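Structural overview for review
If you want the building blocks of each chain, they are given just below.
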Amino acid sequence: MKTTKIIATGILAMGLATSNLHAIDTNERLELLESAMIEQATTPAQKSAVSEYLANVAKEKTELAQALRDRAGSTRGGKALSQMNEKKELLRRAEALEKEAKKYQTVSMDMRAESMQVAHN
């Protein structure tokens, strides 16, 4: 009985540990793919396509941040403390998304400038 509990606890702990790693791994994988795209773009057409992709990602993140800000500003009823905490969390997430959007926009503009420079040469 004691051995069964230990084994069950171990399996549960392993399952929880791998599920969290998988979620983190997915974000890291996406960042690595984007970095590889940026580094491998050599022709003006490739740089332009990557720039457009990054600009679209920045736009999506900005729109999502605005939607979170709008949601934070609306009242839905309920307890004041939980509403205040939810509003803070939504605003925090919106701010983080806007920072990411600015990063994507900056890289997009750099890629666009590089593609123009390569096209002129």
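Rules used throughout
Residues numbered from 1 in each chain as written. Predicted model: local features only at pLDDT ≥ 70, side-chain atom pairs only at ≥ 80, totals over all residues. Heavy atoms only, no water. Helix = DSSP H or I, 4+ residues; strand = E, 2+ residues; numbered from the N terminus. Expected span 1.5 Å × (residues − 1). Buried < 20%, exposed > 50% of the residue type's maximum accessible area, 1.4 Å probe, protein only. pLDDT = per-residue confidence, 0-100. Salt bridge = Lys/Arg side-chain N within 4 Å of Asp/Glu carboxyl O.

Things to note about helix H2 (residues 44–73)
In this model H2 runs 43 Å from its N-terminal to its C-terminal C-alpha over 30 residues, within 8% of the 44 Å that 1.5 Å per residue would give. Residues Lys 47, Val 50, Ser 51, Leu 54, Ala 55, Val 57, Ala 58, Lys 61, Ala 65, Leu 68 and Ala 72 constitute the buried set of H2.

Points about the confidence of the model for the chain
When pLDDT is averaged across the chain, the result is 80; 77% of the residues are at 70 or more. Put simply, helix H1 (residues 2–40) is where the chain has its lowest mean pLDDT, 66, and H2 is where it has its highest, 91.

A few points about the pattern of salt bridges
Considering all chains together, one arrives at 5 salt bridges under this definition. One salt bridge in this structure joins Glu 100 and Lys 61, with 2.7 Å as the shortest N-O distance. One end of the pair, Glu 100, is in helix H3 (residues 80–120); the other, Lys 61, is in helix H2, with 39 residues separating them in the sequence. Across the pair Glu 89 and Arg 92 runs a salt bridge, and its minimum N-O distance is 2.5 Å. Residue Glu 89 and its partner Arg 92 are both found in helix H3; the two are separated by 3 residues, about one turn of the helix. In this structure Arg 92 comes out as partly exposed when scored by relative accessible area, which is 48%.

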